[in-house]
Every structure is written in structure tokens, then in C-alpha cells.
Amino acid sequence: MGNNNLEQHKKFMQRAIELSHTNMNNNCGGPFGAVIVKDNKIIGEGANNVTSKNDPTAHAEIVAIRNACQNIGDFSLKGCTIYTSCEPCPMCLAAIYWARIDRVFYANTQKDAANIDFDDEFLYQQIALPAKARTLPSLELMREEAVKVFQEWQEKEDKIPY
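Residues numbered from 1 in each chain as written. Predicted model: local features only at pLDDT ≥ 70, side-chain atom pairs only at ≥ 80, totals over all residues. Heavy atoms only, no water.

Okay, the overall build of the protein next. Check the secondary structure of the protein and you find seven helices and four strands. Going from N to C terminus, the protein has its helices and strands arranged as α-β-β-α-α-β-α-β-α-α-α. Of the roughly 11,100 Å² of accessible surface on the protein, a fraction of 53% belongs to carbon and sulfur atoms. Here the protein holds 17 positive side-chain charges and 21 negative ones, and the gap between their average locations is 4 Å. (Helix = DSSP H or I, 4+ residues; strand = E, 2+ residues; numbered from the N terminus. Areas by Shrake-Rupley, 256 points an atom, 1.4 Å probe, with all protein chains shown as cover. Lys, Arg positive; Asp, Glu negative; His and termini not counted. Charge placed at Lys NZ, Arg CZ, Asp CG, Glu CD.)

The residue S20 is located in helix α1 (residues 3-25) in this model. What S20 contacts, discounting residues up to four positions off in sequence, is P31, F32, G33 and S85. (Contact = heavy atoms within 4.5 Å.)

Next up on the list: the layout of surface pockets. Computed from the structure, the largest pocket encloses a volume of approximately 320 Å³. Around the largest pocket, the lining comprises 20 residues; the ones closest to its centre are F32, N48, H59, C89 and F118. Looking at the lining of the largest pocket, the elements that each hand over two or more residues are α2 (50-53), α3 (60-72), α4 (90-98) and α5 (110-115). Grouping the constituent residues of the lining of the largest pocket by class yields 11 nonpolar, six polar and three charged. (1 Å grid on protein atoms, 1.4 Å probe; cavity = no way out; pocket = protein on both sides within 12 Å on 5 of 7 lines; lining within 4 Å. Points joined across faces, edges and corners; volume = space filled by probe spheres on them. Nonpolar A, V, L, I, M, F, W, Y, C, P; charged D, E, K, R; others polar.)

In this section: the nonpolar core. In this structure, I36, I43, I65, L77, I82 and I101 are the most contacted members of the largest nonpolar core, which totals 21 residues. When residues of this core are traced back to their parent elements, those giving at least two are β1 (33-38), α3, β3 (80-86) and α4. Sort the elements by how many residues they give to this core and α3 lands first, with six residues. Once you skip the residues sitting within four places of it in the chain, I43 turns out to touch I36, K38, N67, A68, N71, I72, L77 and C80. Counting residues in each nonpolar core, the second largest holds eight residues, with F12, A16, L19 and Y83 among its members. (Core = buried A, V, L, I, M, F, W, Y, C linked by side-chain atoms within 4.5 Å. Buried < 20%, exposed > 50% of the residue type's maximum accessible area, 1.4 Å probe, protein only.)

Here the focus is α3. With 13 residues, α3 should cover 18 Å at 1.5 Å per step; its first-to-last C-alpha distance of 18 Å lies within 8% of that length. Looking only at α3, the buried set comprises A60, E61, I62, V63, A64, I65, A68 and C69. Contacts made by the buried residues of α3 are with β1, β2 (41-47), β3 and α4. Positioned one or two residues after α3, G73 has a phi angle of 70°, which is positive. (Expected span 1.5 Å × (residues − 1).)

Our focus in this paragraph is the side chain of E61. Position of E61 relative to the elements: it lies in helix α3. Although E61 is buried, it forms no salt bridge, and the closest oppositely charged side chain is R66 at an N-O distance of 11 Å. Sequence-distant contacts of E61, that is, excluding residues within four places in its chain, are made with A34, I82, T84, C86, P88, C92 and I96. (Salt bridge = Lys/Arg side-chain N within 4 Å of Asp/Glu carboxyl O.)

As a further point, take the environment of N67. Among the secondary structure elements, N67 is positioned in helix α3. Considering only alpha carbons, one finds N67 and I36, 31 residues apart in sequence, at a separation of 9.0 Å. Excluding anything up to four places from it in sequence, N67 contacts I43, G44 and E45.

The relative placement of two aromatic rings is captured by the distance of their centres and the angle of their planes. The tally for this structure, following the rule as stated, stands at five aromatic pairs. With a centroid separation of 5.4 Å and 45° between ring planes, the pair formed by F12 and Y83 is classed as tilted. Here F12 is found in helix α1, whereas its partner Y83 is found in strand β3, with 71 residues between them in sequence. Neither F12 nor Y83 differs from the other in exposure class; each is buried. Their ring planes at 50° and their centres at 6.3 Å tell us that W98 and Y162 sit as a pair that is tilted. Here Y162 lies in the segment after α7 (143-155) and W98 lies in helix α4, a separation of 64 residues in the sequence. A relative accessible area of 57% places W98 in the exposed class. Take Y162: its relative accessible area is 63%, and that puts it in the exposed class. (Phe/Tyr/Trp six-rings, centres within 6.5 Å; stacked < 30°, edge-to-face > 60°.)

Take a look at the structure:
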């Protein structure tokens, strides 16, 4: 990372931190912010809106991904970088992978988040377990009927792969 590049990265991270601070002061949700950048331009921003939107999925990274995708009219954020004020939780990390984002910069760590009662360790542990070993009961039901739809998808000629 050259000095000029480092300054650009810091500029985008500063914006993510500003979003987290403003969001916290406005009581919209937790102190988390994120920006998505493509070709040195912010194409999406987000702040944690879990409590203000009554949406447990409205984490800063998810909100930023939705905003960026809407702004560019595409579900793929290939070629983009996300700057987030905190290391992404398991849900957000999965969404970042699904969005095909190229790189993540984060400020606060998982441990920093845990120190203010945003502890994701339980989620990381649960995800690593087989479905039947998790504390959330997960039971297979009507697989034969559902797999038929998957088979149709596999054969569908006009599908949009992602």
C-alpha cells in the first residue's frame, strides 16, 4: 500500500467511522458504519438500523451492500472494497462473500465489539457445528418435494446465475 493509497483507504474508513458515530448519536442502532467503494468512489453507505427499523439483519454492512447494489443496478459488487467500522459478524461476512466484494478493511475488532456487549463468538461456534448439533433445532422436512424445484432450476435455460 503506497502512501497515496493509504490516504485514500483512511479517507473511506473515516467515512465509515463517521457513519457509526452519527448513527449512535441519532439512536438508530449500534455504533457501526460501512461504505462500499468502486474505482475510488463511494457507491454505497450504511449504518446499523437494527433498532430503528426493527430488523435484525439491518447491520451496517448489509445496509451498505443493499444501497450499493441498488445504486449500480447489479447484485454483484465485484471490483469493490468495503470499509467497515468493525470486523464483520458472521452474517455480514457471508453477505460480503455473496456480494463478491474483493476486499474488506475494518477498524474495530471482534474483541472490541465483544467488550461493548456485541459478542459474536457464539454465532461463530454454532455455524461451525453440523446442523443437528446446533442449539437451534433444524429439522429436514419435505426434501423430496423441494429438490424437484432445484432440479428444475438446474435445467432452466433462462436463469440468471449468481
